[in-house]
Amino acid sequence: MNENLSKLFKQTYNHPESRLSDDIWYAIQAKQVKNLKMQSLIYGITGVLSLGCFVFMIFHLKEQFASSGFFQYTSLIFSDGSLFATYWKEYILSLADSLPFASLGASVFLLLSTLISVRRLFKQNKNQLLLSNLV
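Before going into details, it helps to say that this report is about the structure given with it. (Residues numbered from 1 in each chain as written. Predicted model: local features only at pLDDT ≥ 70, side-chain atom pairs only at ≥ 80, totals over all residues. Heavy atoms only, no water.)

Considering a nonpolar patch on the surface
Part 1 of the reasoning: Together, Met38, Leu41, Ile42, Ile45 and Leu49 line one region of the surface with nonpolar side chains, adding up to about 490 Å² of accessible area.
Part 2 of the reasoning: Structurally, Leu41 can be placed in helix H2 (residues 20-68). (Patch = residues over 30% accessible without salt bridge, like charges linked within 9 Å, V, L, I, M, F, W, Y side chains within 5 Å. Areas by Shrake-Rupley, 256 points an atom, 1.4 Å probe, with all protein chains shown as cover. Salt bridge = Lys/Arg side-chain N within 4 Å of Asp/Glu carboxyl O. Helix = DSSP H or I, 4+ residues; strand = E, 2+ residues; numbered from the N terminus.)

Re the side chain of Ser50
Part 1 of the reasoning: Along the chain, Ser50 turns up in helix H2.
Part 2 of the reasoning: At a separation of 2.9 Å, a polar atom in the side chain of Ser50 contacts the main-chain carbonyl oxygen of Thr46.
Part 3 of the reasoning: When near neighbours in sequence (up to four residues on either side) are disregarded, Ser50 contacts Leu110, Ser113 and Thr114. (Polar contact = N/O pair within 3.5 Å; in protein donor to acceptor, adjacent residues only side chain to side chain. Contact = heavy atoms within 4.5 Å.)

Comments concerning the packing of aromatic side chains
Part 1 of the reasoning: Going through the model one piece at a time under the given rule, you end up with three aromatic pairs.
Part 2 of the reasoning: For the pair Phe65 and Phe70, a centre-to-centre distance of 5.0 Å together with 50 degrees between the ring planes defines the contact as tilted.
Part 3 of the reasoning: On the basis of relative accessible area, Phe70 is assigned to the buried category, the value being 16%.
Part 4 of the reasoning: Between Phe70 and Phe71, the ring centres sit 6.3 Å apart and the planes meet at 70 degrees, which makes this aromatic pair edge-to-face.
Part 5 of the reasoning: The class of Phe71 is partly exposed, set by a relative accessible area of 43%.
Part 6 of the reasoning: Counting every residue linked through ring pairs, the aromatic cluster contains Phe65, Phe70 and Phe71. (Phe/Tyr/Trp six-rings, centres within 6.5 Å; stacked < 30°, edge-to-face > 60°. Buried < 20%, exposed > 50% of the residue type's maximum accessible area, 1.4 Å probe, protein only.)

Some remarks on a positive patch on the surface
Part 1 of the reasoning: A cluster of basic residues, Arg119, Arg120, Lys123 and Lys126, forms a positive patch on the protein surface.
Part 2 of the reasoning: Relative to the helices and strands, Arg119 is located in helix H6 (residues 101-134).
Part 3 of the reasoning: The class of Arg119 is exposed, set by a relative accessible area of 65%. (Lys, Arg positive; Asp, Glu negative; His and termini not counted. Charge placed at Lys NZ, Arg CZ, Asp CG, Glu CD.)

Quick notes on the environment of Ala96
Part 1 of the reasoning: Within the secondary structure, Ala96 sits in helix H5 (residues 88-97).
Part 2 of the reasoning: Between the C-alpha atom of Ala96 and that of Phe70, which follows or precedes it by 26 residues, the distance is 8.7 Å.

Description of the nonpolar core
Part 1 of the reasoning: Listed in full, the five residues of the largest apolar core are Leu61, Phe65, Phe70, Tyr91 and Leu95.
Part 2 of the reasoning: Of all the secondary structure elements, the ones that give two or more residues to this core are H2 and H5.
Part 3 of the reasoning: Look past the residues within four positions of Phe70 in its chain and what remains in contact with it is Phe65, Leu95, Ser98 and Leu99. (Core = buried A, V, L, I, M, F, W, Y, C linked by side-chain atoms within 4.5 Å.)

Okay, structure coming up:
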């Protein structure tokens, strides 16, 4: 059995015109290019969707800040500094209570997902350019 395999390998080695290894190599690279294109498409769509949602979330966040009275609490610092110096602990607690944490967290999440998608999209395009030079 081992002799048959050895003989077979020697015969294939002596016949390089079959180009089987080149065909396999090109098939692997074509599959990698296809996968990179698909990943680039997915990252691009994710980036565009998260950027669009981020823009709408910024408008919603602005409305949340206005409705919670956060801007009125912050303007109190500049209008009456002595009152702030006296009651600073209660003021900071009221300011923290008026923050819209859910909207703020969602907008930070959307910003990060946009940045990560764009970063990975650029990385995928760089890899795709490198592979296209080899094929």
